[in-house]
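A closer look at the structure
Each chain, written out:
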Amino acid sequence: AKAAGRDMARFFSPETDERVLARQTMEGQLRQALANNEFSLSFQPRLNARTRRVQGAEALLRWSNPVLGQVPPAHFIHLAEETGLIKPIGLWVLQQACAQWMLFQKQGLPEGLELSVNLSVAQLSDPELVEQLQDILRATGMPPHLLELELTESHLMDNPAGAQAQVTALKGLGLQIAIDDFGTGYSSLAYLKRFEIDKLKVDQSFVQGMLDDTADAAIVHAVIALGHTLGLKVVAEGVENLPTAQTLAALGCDELQGFCFSRPLPAEQFQEWVLAQDD
Ligand code: C2E
Ligand code: CA
Ligand code: CA
Ligand code: CA
C-alpha cells in the first residue's frame, strides 16, 4: 500500500506529467516516422583485429524528427518495442540494410563484406520473421552468409525453447548469428552450447574499462577464451583507443569495432571510408 501511495504521488507530480507528455509526443511522432521517411541507417565498420582490414559493418538506426530532432536509438527503441512499432521498423531496417549493402557492392566495395543488423526480441519471437527474411534476401539478392543478426542474451533467455527453434530456422536460411552485449545478460553456458551461434560480441562496458580495471580485463579475457573454446568468433565493441585495440589483438580477439577506427557513418561516408582503406 505504501509503494502504491508513492506511485500515486509520483503519478500526480508535475514532473511525471511532463514525462508522460514527452512520452506521448514521442509515441505520436514514432507512429508517423516510417511513413514520413524519418529513419536512416548508419554503418559502423568492424575490422579484422590482426590485419586491421574492414570485415563488415553494423547497421545502426537513426531517427531525425522535425519536432524532436535527432533521437538516439537508446531513447526510442524501448518505446518502439512496447508499442509493437518495432516490428514494421525492424523490417524496414532489414530491408533497407540489405538493399544498401547490395548497392555498396555495385559501387565497388569488397564483395565479402559482412552486414550486421540488430534484431529486437519482438522480431525474434515473430513467427513471420523467417519468411520475411527469405523475401528480403530474394528481393535484394543479399547473400545470406554475409548477413549477421545480432541478438542479446536476454532475447535468447526470455523463451529459450522458442528462441532456439527460431535461431535454427534462421541458420537454415544460411544467416550468421551473433550474441550482442555479451556478459551483461544471464545466458547459461548450457544454452550457449545448444544455440547455433557464430559469434560473441563482448559488451563495450568491459572493453572500455579493460586497461584500467583488472576485473574488466579478466572478463574480456574469459569471454575470448570461452568463445574460442566453443568454436565461436569473438568481437570487441566500444574500442576507443589503439592501446585497447592492441591488447585485444594480443588476446586473440578476432574483430574490433569502435570509435578508435570509425563512428557509425551515413551510407555515402561509409562507402568513402571503406574505399579509402582499400588503397
Ligand atoms: P548496440 O547494438 O550495442 O550498438 C552499439 C552502440 O555503441 C551504437 O550506439 C554505437 O554508436 C555505439 N558505439 C560504437 N562504438 C563505440 C565506441 O567506441 N564508444 C562508445 N561510447 N560507443 C560506441 P547507437 O547507434 O546509439 O545504438 C544504441 C543501441 O540501440 C544499440 O546498441 C542497439 O541496441 C539499439 N539499436 C540501434 N539500431 C537498432 C536497430 O536497427 N534495431 C534494434 N532492434 N536496435 C537498434
Ligand atoms: Ca549491436
Ligand atoms: Ca552491443
Ligand atoms: Ca546494446
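Per an unreviewed UniProt entry, the protein chain is named Sensor domain-containing diguanylate cyclase, and its organism is Rhodoferax saidenbachensis.

1. Some remarks on the coordination of the calcium ion (ligand 3)
Every protein donor of the calcium ion (ligand 3) is listed here as Asp-180 (OD), Asp-181 (OD), Glu-237 (OE) and Glu-237 (OE), and their distances to the metal cover 2.0 to 2.8 Å. In the primary structure, the donors to the calcium ion (ligand 3) are separated according to the pattern D-D-x55-E.

2. Re the pairing of strand β4 (residues 114–118)
The buried fraction of β4 amounts to four of the five residues, a majority that puts the element mostly inside the structure. Bridging between strand β2 (residues 54–65) and β4 involves four bridges; their strand directions are parallel. Considered in β4, the bridge of Glu-58 is made with Ser-116. Summarising the sheet, β4 and strand β5 (residues 147–152) pair through four bridges and their orientation is parallel. The partner of Val-117 across the bridge, within β5, is Leu-149.

3. Description of the coordination of the calcium ion (ligand 4)
For a metal bound by four donors in a tetrahedral arrangement, the ideal donor-metal-donor angle is 109.5 degrees, while six donors in an octahedral arrangement ideally sit at 90 or 180 degrees. Protein coordination at the calcium ion (ligand 4): the donors are Asp-181 (OD) and Asp-181 (OD), at 2.6 to 3.1 Å from the metal. A separation of 5.7 Å is found between the calcium ion (ligand 4) and the calcium ion (ligand 2). Residue position: Asp-181 is located in strand β6 (residues 176–182).

4. Thoughts on the pattern of salt bridges
For side chains bearing opposite charge, pairing can occur when the charged atoms are close. In the structure shown here, the tally under the stated rule is 14 salt bridges. In this structure, Glu-82 engages Arg-23 in a salt bridge whose closest nitrogen and oxygen atoms are separated by 2.8 Å. Remark: Arg-23 occurs in helix α2 (residues 14–33) and Glu-82 occurs in helix α3 (residues 73–83); sequence separation between them is 59 residues. The class of Glu-82 is partly exposed, set by a relative accessible area of 45%. A salt bridge links Glu-58 to Lys-201, with the nearest nitrogen and oxygen atoms 2.9 Å apart.

5. Overview of the site of ligand 1
Around ligand 1 there are 21 residues in total, and Arg-62, Asp-180, Gln-204, Glu-240 and Phe-259 lie nearest to it. At 3.0 Å from an oxygen atom of ligand 1 is found a side-chain nitrogen or oxygen belonging to Asp-180. For ligand 1, an oxygen atom lies 2.8 Å from a polar atom in the side chain of Gln-204. Here ligand 1 has 790 Å² of accessible area as a free molecule, and 81% of this is covered by the chains.

6. A closer look at helix α11 (residues 214–229)
With 16 residues, α11 should reach 22 Å at 1.5 Å per residue; the first-to-last C-alpha distance of 22 Å fits that figure. If you check which residues of α11 are buried, you get Asp-216, Val-220, Val-223, Ile-224 and Gly-227. One face of α11 carries all of its buried residues, which in axial projection span an arc of 95°. Exposed and facing more than 90 degrees away from the buried side of α11 are Thr-214 and Thr-229.

7. Some details on the packing of aromatic side chains
Two aromatic rings, taken as a pair, are described by how far apart their centres are and by the angle between their planes. Applying the stated criterion to the full structure yields 10 aromatic pairs. Where Trp-63 meets Phe-76, the ring centres are 5.2 Å apart and the plane angle is 75°; that geometry is what we call edge-to-face. On the criterion of sequence distance, the pair formed by Trp-63 in strand β2 and Phe-76 in helix α3 is long-range, its members being 13 residues apart. Of the two residues, Trp-63 and Phe-76, neither departs from the other in class, the shared state being buried. By the ring-pair criterion, three or more aromatic residues cluster together here, those being Phe-39, Trp-63, Phe-76 and Trp-92. A cation over a ring is seen here: Arg-263 above Phe-259, with NZ or CZ 3.9 Å from the ring centre.

8. Let's talk about the pairing of strand β8 (residues 233–237)
Burial analysis of β8 places four of its five residues in the buried class, the great majority of the element. Looking at chain direction, strand β7 (residues 199–202) and β8 are connected through four bridges and run parallel. Its bridge partner being in β8, Lys-201 is matched across the sheet by Val-235. Relative to strand β9 (residues 255–257), β8 runs parallel, the two sharing three bridges.

9. Examining the side chain of Glu-114
Inspection of the secondary structure assignment puts Glu-114 in strand β4. Here the side chain of Glu-114 touches Arg-46 through a polar contact of 3.3 Å, side chain to side chain. If near-sequence neighbours (up to four positions away) are discounted, Glu-114 is found in contact with Arg-46, Gln-55, Gly-56, Ala-57, Trp-101, Leu-146, Lys-199 and Glu-255.

Criteria and cut-off values
Residues numbered from 1 in each chain as written. Chains lettered and ligands numbered in written order. Predicted model: local features only at pLDDT ≥ 70, side-chain atom pairs only at ≥ 80, totals over all residues. Heavy atoms only, no water. Donors = N, O, S within 2.8 Å, 3.2 Å for Na, K, Ca; no water. Buried < 20%, exposed > 50% of the residue type's maximum accessible area, 1.4 Å probe, protein only. Helix = DSSP H or I, 4+ residues; strand = E, 2+ residues; numbered from the N terminus. Pairing = 2+ DSSP bridges. Salt bridge = Lys/Arg side-chain N within 4 Å of Asp/Glu carboxyl O. Near = heavy atom within 4 Å. Polar contact = N/O pair within 3.5 Å; in protein donor to acceptor, adjacent residues only side chain to side chain. Areas by Shrake-Rupley, 256 points an atom, 1.4 Å probe, with all protein chains shown as cover. Expected span 1.5 Å × (residues − 1). Arc of directions from axis to C-beta. Phe/Tyr/Trp six-rings, centres within 6.5 Å; stacked < 30°, edge-to-face > 60°. Lys NZ or Arg CZ within 6 Å of the ring centre and 35° of its normal. Contact = heavy atoms within 4.5 Å.

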